[in-house]
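Architecture and fold: a report
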Amino acid sequence: VHDKISIASYVGQHECDKLLAENEDFVMNILSSSTKDSLQDATRTFASLIRGMCASGRGDKAVKICLEALQADARNHPLGDIVFDSGGGNGTTCNVLLRALCDAKEAKKAMYLMNEMTLSMGVTLDVVSYNHVLSSVARYMMDVSKDTSTRKASRMKDVRDMMQLAQQTFEDMRLQHWRWN
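Residues numbered from 1 in each chain as written. Predicted model: local features only at pLDDT ≥ 70, side-chain atom pairs only at ≥ 80, totals over all residues. Heavy atoms only, no water.

A few words now on the overall build of the protein chain. On a plain count of helices and strands, the protein chain comes out with 11 helices and 0 strands. The linear arrangement of helices and strands in the protein chain, starting from the amino end, is α-α-α-α-α-α-α-α-α-α-α. Long-range pairs, those at least 24 residues apart, make up 61% of the contacts in the protein chain with a sequence separation of at least 6. Taken as a whole, the protein chain presents about 10,300 Å² of accessible surface, with 53% of it coming from carbon and sulfur. (Helix = DSSP H or I, 4+ residues; strand = E, 2+ residues; numbered from the N terminus. Contact = heavy atoms within 4.5 Å. Areas by Shrake-Rupley, 256 points an atom, 1.4 Å probe, with all protein chains shown as cover.)

Here you go:
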């Protein structure tokens with residue numbers, strides 16, 4: 001794996017993300033034992049790992065890993081420093097995860113993670129994450145409204161639920177507006 005990782009810069013980010021996701025256990029062991037001195041490298045590796053996990057259909061596991069590390073006792077979690085402190089206390093790697101979930105067309109998972117981060121844990125999202133989540137929700141609602149394989153009532157309920165989540169997102173953005181200006 002070390003040889004593959006060292007040449008990853010020659011094959012592109014997407015391939016590197018997939019490679020790390022394929023070797024998740026090995027990568028997680030390395031990340032769990034990383035020190036404060038290697039925090040920046042560990043954060044980049046973790047971000048690449050979670051992008052790869054989302055791209056390979058394992059977004060649920062990536063969300064679980066981030067949320068566990070963001071819990072109140074994150075200082076005792078082996079990935080707590082990587083997930084929380086990496087962005088000066090704002091959960092930058094979870095913002096990366098939000099974008100990866102949106103790119104993988106996992107709008108509901110992204111909304112769930114976003115709500116857990118902002119409401120339960122007080123993590124500040126960046127503007128780009130809000131844009132990704134809202135764009136993903138819009139794409140999701142368009143796809144749902146066009147899906148003729150499910151009953152219209154079921155599709156409309158799904159769209160209404162997502163609209164409520166989007167409304168909560170806009171409210172959160174409004175409340176945080178003072179931080180951005």
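Next comes the rest of the write-up.
Here the focus is helix H4 (residues 24-32). Of the residues making up H4, those classed as buried are Glu24, Val27, Met28 and Leu31. All buried residues of H4 project into a common sector of 100° when viewed along the axis, lining one side. Turned more than 90 degrees from where H4 packs its buried face, Asp25 and Asn29 sit exposed. Residues of H4 that are buried make contact with helix H3 (13-22), helix H5 (39-55), helix H6 (59-70) and helix H7 (80-83). (Buried < 20%, exposed > 50% of the residue type's maximum accessible area, 1.4 Å probe, protein only. Arc of directions from axis to C-beta.)

Our next topic: the packing of H3 against H5. H5 packs onto H3 with a crossing angle of 85° between their chain directions and a minimal axis gap of 7 Å. As far as their axial angle goes, H5 and H3 are roughly perpendicular. Contact residues: H3 offers Gln13, His14, Cys16, Asp17, Lys18, Leu20 and Ala21, while H5 offers Thr45, Ser48, Leu49, Arg51, Gly52, Met53 and Ala55. (Axes fitted to C-alpha atoms, helices over the stretch in contact; angles between N-to-C directions. Parallel < 35°, antiparallel > 145°, perpendicular 65-115°, else oblique.)

This part takes up the packing of H4 against H5. Direction vectors running N to C along H4 and H5 enclose 155°, while the axes themselves pass 11 Å from each other. The angle between the axes of H4 and H5 places the two elements in the roughly antiparallel class. Crossing of H4 over H5 shows left-handed handedness. Contact residues: H4 offers Glu24, Val27, Met28 and Leu31, while H5 offers Ala42, Thr45, Phe46, Leu49 and Met53. Across the contact of H4 with H5, the residue classes tally to 7 nonpolar, 1 polar and 1 charged. (Left-handed = near helix turned anticlockwise from the far one by under 90°. Nonpolar A, V, L, I, M, F, W, Y, C, P; charged D, E, K, R; others polar.)

In this structure the tally under the stated criterion is 0 disulfides. Distance from the sulfur of Cys54, which forms no disulfide, to the nearest cysteine sulfur (Cys66) is 8.7 Å. Of the residues examined, Cys54 reaches a relative accessible area of 5% and is grouped as buried. Cys102 takes part in no disulfide bond, and the closest cysteine sulfur, belonging to Cys54, lies 9.4 Å away. Its relative accessible area of 1% is what places Cys102 among the buried residues. (Disulfide = S-S within 2.5 Å.)

A few words now on unusual backbone geometry. Of all residues except glycine, most have a negative phi; of all peptide bonds, most are trans. Located in the positive-phi region is Lys105, a residue other than glycine, with phi close to 60°. Structurally, Lys105 can be placed in the loop between helix H8 (92-103) and helix H9 (107-120).

Time to look at the nonpolar core. Membership of the largest hydrophobic core comes to 49 residues, with the highest contact counts inside it found for Leu31, Phe46, Leu79 and Leu97. The element best represented in this core is H5, accounting for 8 residues. When sequence neighbours within four positions are dropped, the list of residues in contact with Leu31 reads Ala42, Thr45, Phe46, Leu49, Pro78, Leu79 and Ile82. (Core = buried A, V, L, I, M, F, W, Y, C linked by side-chain atoms within 4.5 Å.)

What follows is about the side chain of Ser48. Relative to the elements of secondary structure, Ser48 occurs in helix H5. Not counting the four nearest positions on each side in its chain, Ser48 is found in contact with Cys16, Asp17 and Leu20.

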